[in-house]
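Descriptive analysis of the structure
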Amino acid sequence: MRRLIHSITAPLLLIAVLVPFFVIAARFATPSRERLDMALNGHVLSPAEIGAMVSQRQAHIETTIEFKREMGQRVVRGEAGKVIKTPSAFGSDPMLSDIEKLIWLRELVLWTPFDEATAFSALSRMNPAKFDFNPHVFNYGGALIYPVGALLFVLDRAGLLKASGGLGAMIEDPDQVGRMYLAAKLLIAGSFLATLLLIWDIGRLLASPRAGLIAALAYGLSDSFGQALVIKPHVPAAMWTAVAISLLLRFDRDARIWRIWAAGAAVGMAAGSIVTAAPVALLVPLLLWRKSNWPTWLGQCAIAGLAAAAVFFATNPYIVLDAYQFATDAAIHGTGRSRLTPQLGRLWESLLDTPFHNPPFSMLACAAVVYGSWRSQGAVAGLSRFALVLIPLLGSTVGSGRTVTFMYPIFYILAGLAIDHWLQASPESRWRPGLVVVTLLVTAANPATEFVNIRKWDQTNRDFREAFDRLPIDANTVMAVYARSIFLPTPLYPARIMYLDLNDPIDQPRIDYVLVPSGLGLYRQLREFVGRDFVPVTPCRPDPEPGPRALVTWVLDRVTRAETVPPSRTCLYAKTPAR
């Protein structure tokens, strides 16, 4: 066992165990024929309807691009307001028109519930034949978008999927869209698995293979596992952060200058994946810090900075070439939502949330950050101080756990070092290693919960399908949907669909069914708003009344993250016969 722990075989075994989980989970909630058939409910799209979907999307894209350019000019001149919203494809009338139903269907074919279609949306707006690679979208960086595009191009040429057929072909065969998602998701999962190996290597360099293995296990079983199931830049940014750390630590041993260049390039890829990971650049001066020979240290930092800037702008050239649209996106995703304005309330929420990312390892990591900043030396002190600065900085502004995902490898490396030091302090103890093993087994609830959520999602869709087959739905049926969500299992045909705003007491037409998240508070609002009782048709789990049960539910949801899939708690309400 000791030999296994001290070899690369241990992290490779962890990766081998996780690979099947990713392969199975990658298909979760992706576009499919089944999902489209549920929405169509027997309706057959005509060529005219498909043509209207294609032309409307192109018109919407052109409108959005032009809006962003005009708004970007205003942002640069300081004339834009704080909140900027891109034009909506939907009108203000709560009742969906025929074209709005088609828009809903189009999005149902192309998008997923986790807002992960940004990379595909950006790729669809490019025209490689004219050497136009402008994504027109900047909240996800080119270091994510372009590799996904390259992967789809290769798979398309190899005949493994069809990515070049256009929107019309995707509507007719939505399973092809699902394959595109599957390919990109496996790319993200691959970066997560690579991060595990990098964490093990960093822990080995800083302390021992055991420290690296504990850190890798803690990260692999954390909530970051869920982020690795979606096509977003946060997990790749974490991988590039780990690459930079590994290179800088190895440079400390052999002083090979190419490692400085490569570390800078890794920093550029992290920031190029998502700009909020740009503070990774601070790791370079912290890990290269020397108490003497300032000119050498400054020169090394300059080399890394040049490499980082070159890679960042190579993967995101349109930040400069299309600066006005970038300014609009920055306003929408930054100051427009007050994310760049420090707020004490948001900092408090972040400080409370961070320890719960993967307790107790994340709690231990927070303690290690403070201790390491004060008492440690060298690279451990640099990593600790980096985290100590970034926690309040990002916590008081962005404040989103997924946005600081690029920092989590550092958290778990520091936690692994602390646990390894604790085990070394009493090498003859048998209960200490046992406690670590048991704790790791408990944290396996994180990836296990993802599969529970998948089963909930699948079961919810089956429940709705069976319910819709039993319900009398015709052209006069009015189905209200609480808030606009294209992923609620709703038959768009032949019923009339409307959005229900519980906070806007306007006269509504006769409502037969209401599809809402099954929270008790929402149900009470629904009854008060509609003025008559509705009963659940599908299974749902109302939120408990305040009290001990509510506390237990909150703790379980907090630990297992069971609330991460909202549709698992969606419920279909039908009007009672008594009217």
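Keep in mind it's a predicted model, so treat the numbers as computed, not measured. (Residues numbered from 1 in each chain as written. Predicted model: local features only at pLDDT ≥ 70, side-chain atom pairs only at ≥ 80, totals over all residues. Heavy atoms only, no water.)

**Describing unusual backbone geometry**
The omega angle of the peptide bond from tyrosine 493 to proline 494 is -5°, so this bond is cis rather than trans. Relative to the helices and strands, proline 494 resides in the loop between strand 1 (478-482) and strand 2 (496-500). One non-glycine residue with positive phi stands out, namely phenylalanine 131, at about 55°. Of note, phenylalanine 131 is situated in the loop between helix 6 (118-124) and helix 7 (142-157). Residue class for phenylalanine 131 comes out exposed when judged on its relative accessible area of 69%. (Helix = DSSP H or I, 4+ residues; strand = E, 2+ residues; numbered from the N terminus. Buried < 20%, exposed > 50% of the residue type's maximum accessible area, 1.4 Å probe, protein only.)

**Notes on empty space enclosed by the protein**
According to the stated counting rule, one finds 2 cavities of 30 Å³ or more in the structure shown. Computed from the structure, the largest cavity encloses a volume of approximately 70 Å³. Looking at the largest cavity, the residues that line it are Pro135, Val137, Phe138, Tyr140, Gly141, Gly142, Ile145, Tyr146, Thr315, Asn316, Pro317 and Tyr318. Considering every element that reaches the lining of the largest cavity, the biggest residue donor is helix 7, with 3 residues. When the residues that make up the lining of the largest cavity are grouped by side-chain class, the tally is 8 nonpolar, 4 polar and no charged. (1 Å grid on protein atoms, 1.4 Å probe; cavity = no way out; pocket = protein on both sides within 12 Å on 5 of 7 lines; lining within 4 Å. Points joined across faces, edges and corners; volume = space filled by probe spheres on them. Nonpolar A, V, L, I, M, F, W, Y, C, P; charged D, E, K, R; others polar.)

**A short note on the packing of helix 10 (residues 209-220) against helix 21 (residues 408-424)**
Between two packed helices, the angle of one axis relative to the other and the distance separating the axes together describe the packing. Contact geometry for helix 10 and helix 21: axes closest at 8 Å, N-to-C directions at 135°. Our classification of the angle between helix 10 and helix 21 gives oblique. Along this stretch, helix 10 crosses helix 21, giving a crossing that reads as right-handed. Counted together, Arg210, Ala211, Ile214, Ala215, Ala218 and Tyr219 of helix 10 and Tyr408, Pro409, Tyr412, Ile413, Gly416, Leu417, Ile419, Asp420, Leu423 and Gln424 of helix 21 form the full contact between these two elements. (Axes fitted to C-alpha atoms, helices over the stretch in contact; angles between N-to-C directions. Parallel < 35°, antiparallel > 145°, perpendicular 65-115°, else oblique. Left-handed = near helix turned anticlockwise from the far one by under 90°. Contact = heavy atoms within 4.5 Å.)

**What to know about the pairing of strand 5 (residues 570-575)**
The side chains of a regular strand alternate between both faces of the sheet. Counted residue by residue, strand 5 has 6 buried out of 6 residues, so it is predominantly covered. Side chains of strand 5 alternate between two faces, with Thr570, Leu572 and Ala574 and Cys571, Tyr573 and Lys575 buried alike. Both strand 4 (residues 534-536) and strand 5 contribute to a ladder of 3 bridges, which runs antiparallel. Its bridge partner being in strand 5, valine 535 is matched across the sheet by alanine 574. (Pairing = 2+ DSSP bridges.)

**Comments concerning the packing of helix 2 (residues 9-25) against helix 10**
Helix 10 packs onto helix 2 with a crossing angle of 15° between their chain directions and a minimal axis gap of 10 Å. Relative to helix 10, the element helix 2 is oriented roughly parallel. Taken as a pair, helix 2 and helix 10 cross one another with a handedness that is right-handed. In contact with Ala10, Pro11, Leu14 and Leu18 of helix 2, helix 10 contributes Leu213, Ala216, Leu217 and Gly220.

**Section: helix 21**
Note: α-helices contain 3.6 residues per turn, so residues at a spacing of three or four share the same orientation. Taking 1.5 Å per residue as the helical rise, helix 21 with its 17 residues ought to reach 24 Å, and the 24 Å between its terminal C-alpha atoms agrees with that figure. In terms of burial, helix 21 is largely enclosed, as 13 of its 17 residues are buried. (Expected span 1.5 Å × (residues − 1).)

**Digging into the nonpolar core**
Phe22, Leu105, Phe192, Met407 and Phe411 are the most contacted members of the largest nonpolar core, which totals 136 residues. Non-local contacts of methionine 407, meaning those with residues more than four positions away in its chain, are made with Phe386, Ala387, Leu390, Ile391 and Leu394. Residues Met498, Leu500, Val514 and Val516 belong to the second largest nonpolar core, which totals 11 residues. (Core = buried A, V, L, I, M, F, W, Y, C linked by side-chain atoms within 4.5 Å.)

**A look at the side chain of arginine 57**
Tracing the chain through its elements places arginine 57 in helix 4 (residues 47-77). For arginine 57, which is buried and forms no salt bridge, the nearest opposite charge comes from glutamate 107, at a distance of 8.5 Å. Among residues more than four places away in sequence, those in contact with arginine 57 are Arg106, Leu110, Ser124 and Leu167. (Lys, Arg positive; Asp, Glu negative; His and termini not counted. Salt bridge = Lys/Arg side-chain N within 4 Å of Asp/Glu carboxyl O.)

**Thoughts on helix 12 (residues 234-254)**
Here helix 12 is 21 residues long and its end C-alpha atoms lie 31 Å apart, about the 30 Å a rise of 1.5 Å per residue gives. Downstream of helix 12 by one or two residues, alanine 255 has phi in the positive range, about 55°.

**Let's talk about the confidence of the model for the protein chain**
Confidence in the prediction for the protein chain averages 81 pLDDT; 80% of positions are at 70 or higher. For the protein chain, the element scoring lowest by mean pLDDT is helix 25 (residues 548-560), at 51; helix 13 (residues 257-273) scores highest, at 96. Low pLDDT, under 50, characterises residues 543-550; the stretch is placed with 10 contacts to residues that sit more than four places away or in other chains. In the model, residues 560-568 has pLDDT below 50 throughout and makes 24 contacts with residues more than four positions away in sequence or in other chains. (pLDDT = per-residue confidence, 0-100.)

**Some words on the pattern of salt bridges**
Enumeration according to the criterion identifies 12 salt bridges in this entry. As a salt-bridge pair, arginine 157 and aspartate 156 come within 2.9 Å of each other at their nearest N and O atoms. Classification of arginine 157 by relative accessible area gives exposed; the value is 58%. Look at aspartate 156 and you get buried, because its relative accessible area is 11%. Across the pair aspartate 254 and arginine 259 runs a salt bridge, and its minimum N-O distance is 2.8 Å.

**A look at a nonpolar patch on the surface**
Side chains of Ile257, Trp258, Trp261 and Leu306 sit close together on the surface and give an oily, nonpolar patch of about 450 Å² of accessible area. Here the nonpolar patch takes 3 residues from helix 13, the largest share from any one element. Locating leucine 306 in the fold gives a position in helix 15 (residues 294-315). (Patch = residues over 30% accessible without salt bridge, like charges linked within 9 Å, V, L, I, M, F, W, Y side chains within 5 Å. Areas by Shrake-Rupley, 256 points an atom, 1.4 Å probe, with all protein chains shown as cover.)

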